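# A closer look at the structure
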Amino acid sequence: MSETTSVDELTTRDITGAPPASGVPAVTGERADLLAMLAKHRHFLRFTTRDLTDEQAGLRTTASELCLGGLIKHVAAVERNWVDFILDGPSAMGDFATMTEADWARRADEFRLLPGETLAGVLADYTEVAQRTDELVAALPGLDAAQPLPEAPWFEPGARWSARRVLMHIIAETAQHAGHADIIRESLDGAKSMG
């Protein structure tokens with residue numbers, strides 16, 4: 001995506017720049033706006049990994065435990081889980097109250113580039129996740145259908161989120177981590193996403 005890419009182009013292309021999959025309806029209005037904003041933040045997140053080796057993508061360059069490869073893995077997992085929530089409700093999220101130490105350790109591994117994982121591999125997975133999300137948003141009958149949130153200390157008890165709210169959450173999560181990634185990359189070799 002270039003600086004001159006229009007919003008219309010973003011709504012007809014996925015994050016890889018390829019035209020939408022055949023059979024996926026073109027989106028307009030609110031859906032186009034949501035997908036364009038998500039595509040923008042996906043681009044900036046992915047852009048922080050340009051020209052890096054696997055080793056560089058796995059380095060912690062700040063006081064944080066975050067690395068660029070791990071951030072891509074995490075954002076892909078979060079987006080995948082929330083799309084599953086849109087489709088299947090709270091059962092897609094798991095039961096946070098019964099998570100074991102092993103479950104928490106697996107979650108922590110989501111933020112690291114593990115031995116055998118490659119930057120190309122996590123970027124390819126993220127592309128697949130993004131395409132699935134974009135296709136779902138295009139195909140949903142509406143964005144108002146809501147699911148109850150699972151019980152977790154960070155969710156308001158009894159709250160329900162619409163598909164629209166979930167998409168806004170995915171956008172916010174992606175934008176937040178694109179900012180983290182920019183700081184990590186600048187600390188690595190001085191490269192910046194903008195400026």
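All of the points below concern the structure found in this document. (Residues numbered from 1 in each chain as written. Predicted model: local features only at pLDDT ≥ 70, side-chain atom pairs only at ≥ 80, totals over all residues. Heavy atoms only, no water.)

### Details of the nonpolar core
Judged by nonpolar contacts, the single largest core of 27 residues is most densely connected at Trp 82, Phe 85, Leu 149 and Val 166. Secondary structure elements with two or more residues in this core: helix H2 (29-47), helix H4 (68-88), helix H6 (119-139) and helix H7 (163-189). If sequence neighbours within four positions are ignored, Trp 82 has contacts with Met 93, Leu 149, Phe 155, Trp 161, Val 166, His 169 and Ile 170. With 20 residues, the next largest nonpolar core counts Leu 71, Val 75, Phe 111 and Ile 184 among its residues. (Core = buried A, V, L, I, M, F, W, Y, C linked by side-chain atoms within 4.5 Å. Buried < 20%, exposed > 50% of the residue type's maximum accessible area, 1.4 Å probe, protein only. Helix = DSSP H or I, 4+ residues; strand = E, 2+ residues; numbered from the N terminus. Contact = heavy atoms within 4.5 Å.)

### So, unusual backbone geometry
The backbone of Asp 51 shows a phi angle near 60°, a positive value even though the residue is not glycine. Locating Asp 51 in the fold gives a position in the loop between H2 and helix H3 (54-57). You can call Asp 51 exposed: its relative accessible area is 74%.

### Topic: the packing of aromatic side chains
Given two aromatic rings, their pairing is described by the distance between the two centres and the angle made by the two planes. Inspection of every chain in the model, using the stated rule, returns five aromatic pairs. Aromatic pair Trp 82 and Phe 85: ring centres 5.3 Å apart, planes at 80°, arrangement edge-to-face. Here the residue Trp 82 and the residue Phe 85 both occupy positions in helix H4, the gap between them amounting to three residues, near one helical turn. Just as Trp 82 is buried, Phe 85 falls in that class too. A ring pair is formed by Trp 82 and Trp 161, whose centres lie 5.0 Å apart and whose planes are at 20°; its orientation type is stacked. A residue pair is termed long-range when its members are at least 10 positions apart, and Trp 82 in helix H4 and Trp 161 in strand E2 (residues 160-162) qualify at 79 residues. Judged by relative accessible area, which is 5%, Trp 82 ranks as buried. Judged by its relative accessible area of 10%, Trp 161 is buried. (Phe/Tyr/Trp six-rings, centres within 6.5 Å; stacked < 30°, edge-to-face > 60°.)

### Concerning the environment of Glu 55
Considering the arrangement of structural elements, one finds Glu 55 in helix H3. Through-space distance from the C-alpha of Glu 55 to that of Leu 113 is 8.8 Å; in sequence the pair is 58 residues apart.

### Some details on H6
Helix length check: H6, at 21 residues, gives a terminal C-alpha distance of 30 Å against a target of 30 Å (1.5 Å per residue), a fit within 8%. Of the positions making up H6, those classed as buried are Leu 119, Val 122, Leu 123, Tyr 126, Thr 127, Val 129, Ala 130, Thr 133, Asp 134, Leu 136, Val 137 and Ala 138. On its buried face, H6 sits against H2, H3, H4 and H7. (Expected span 1.5 Å × (residues − 1).)

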